[in-house]
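The chain contents come next:
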Amino acid sequence: MEKVIIIRYAEIHLKGKNRGYFEHMFSVNLERSLRGIRHELHRTNGRYLVAKFDENRAEEIAARISRVFGIHSYSLGYRTESAIESIFEAAKLVGPQSGTFKVETHRGDKCYPMTSPEVSREIGARLLAEFPALTVDVHTPQSAVYVDIRENGFALVFGSFEKGVGGMPVSTSGKGLLLISGGIDSPVAGYMMAKRGMSVHYLHFHSYPYTSDMAKEKVISLAKLLSRYALTEELTTVSVTHIQEEIHEKCAAELNVTLLRRFMFRIAERIARNRGDQCLITGESLGQVASQTIEGMTSSNAVVSLPVLRPLVGFDKEEIITRAKEIGTFETSILPYEDCCTVFLPDHPAIKPKLSFIEEEEAKLNVEALVEEALAGAQRLKLY
């Protein structure tokens, strides 16, 4: 008998002839999530088993697995021989000793000499004899023992199903470049695209010395938290300080943010194409701030040809905050360190800027030279 963690995948089972590709990437991501922990990963008939690990690290392994996209559920239990005596020994370890319970059996091996109900009755009877404080309740039990008899002579015995995060394995749905700030929204946007299987890379714009090193460290911390799900190992940073100074000096104040975002999109597209990314990702939500009107978004889109994905576009702030708390980024996002969009912020930013006016003001700047200068100073930081 061996302690194992049993993993069941989610949408992958809907795939047809290319299911093998999705299963392969799922295995790769599981291995990446468990890097640094001794273990073995086995695949068997739609199940994955993590085995041969230090049992003192079982909770840590389960926590890491809980963040791997593609998992429907997982369980901590035992792999044992499928003989009824061996199943009972494992059931004693995972089952309760008092209260109400039931035994539920799944029999993958249809050649097994007992039916599923017969296995459940036998294991239940033995548990009742072993622990007199137990009572059977098949409808609303306080606890359960699950028996999964597999085709190759062994059984899995466990006491609960833990819900996974679902979604599709990272790297099965293309590549995108996330414009990540120190706020609440962009990490959630990155999470949502990674959940759909996209490989998400990170790009952060800063305005040092107007923004502090603490602001940069905050973004690095957010990137690391997000990477528990997205498995991204690198963050690219670009200074837009000179760009902001030029905009502030030469252009209409109400367009400061709008013009800055157009520069960000231009720079992001260059970096994305160099990396092989197929789209840009932002945390914009329609109407949330002055630059996130349909006119503002249209202005930003106008300077790039790559698709721009905005997974939060229809969310309100409370919905985004709830998701940020669920994924563990909220507390870091609200730390009081500024980002570049707060520098030279006008008192009355344009809410519905006309593209003709934007282009007229932008013509006062040497756009290409400023973009090239910013790209020349780009830095790549390893997160791990």
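Presented here is a report on the structure given in the accompanying data block. Predicted model, so just to flag it, every value in this text is computed and none were measured. (Residues numbered from 1 in each chain as written. Predicted model: local features only at pLDDT ≥ 70, side-chain atom pairs only at ≥ 80, totals over all residues. Heavy atoms only, no water.)

Looking now at unusual backbone geometry. Trans peptide bonds make up most of the peptide bonds, and negative phi angles are found at most residues other than glycine. Following Tyr208, the chain continues into Pro209 via a peptide bond in cis, with omega recorded as 10 degrees. By the element assignment, Pro209 lies in the loop between β11 (199-206) and α6 (213-230). A positive phi angle, near 55 degrees, is found at Lys52, a position not held by glycine. Examined against the element boundaries, Lys52 turns out to sit in the loop between β3 (47-51) and α2 (58-65). When its relative accessible area of 43% is taken as the criterion, Lys52 is described as partly exposed. In this structure, Ser171 is a non-glycine residue whose phi angle is positive, near 85 degrees. Note on placement: Ser171 falls in the loop between β9 (162-166) and β10 (175-179). (Helix = DSSP H or I, 4+ residues; strand = E, 2+ residues; numbered from the N terminus. Buried < 20%, exposed > 50% of the residue type's maximum accessible area, 1.4 Å probe, protein only.)

Within strand β12 (residues 234-239), five of the six residues are buried, which leaves the element mostly enclosed by the surrounding structure. Pairing of β11 with β12, which is carried by five bridges, proceeds in the parallel orientation. Across the sheet, the residue bridging to Phe205 is Val238, located in β12. Read as a crossover between parallel neighbours, the route from β11 over α6 to β12 is right-handed. Where β12 and strand β15 (residues 379-382) come together, four bridges link them in antiparallel fashion. (Pairing = 2+ DSSP bridges. Right-handed = clockwise from strand over helix to strand, strands pointing away.)

Orientation of helix α7 (residues 241-250) relative to helix α8 (residues 256-275), taken along the N-to-C sense of each, is 145 degrees, at an axis distance of 10 Å. As for the relative orientation of α7 and α8, their crossing is right-handed in sense. The residues of α8 that touch α7, namely those facing Ile243, Gln244, Ile247 and His248, are Asn256, Leu259, Leu260, Phe263 and Ile267. Here the residues of the contact of α7 with α8 sort into six nonpolar, three polar and no charged. (Axes fitted to C-alpha atoms, helices over the stretch in contact; angles between N-to-C directions. Left-handed = near helix turned anticlockwise from the far one by under 90°. Contact = heavy atoms within 4.5 Å. Nonpolar A, V, L, I, M, F, W, Y, C, P; charged D, E, K, R; others polar.)

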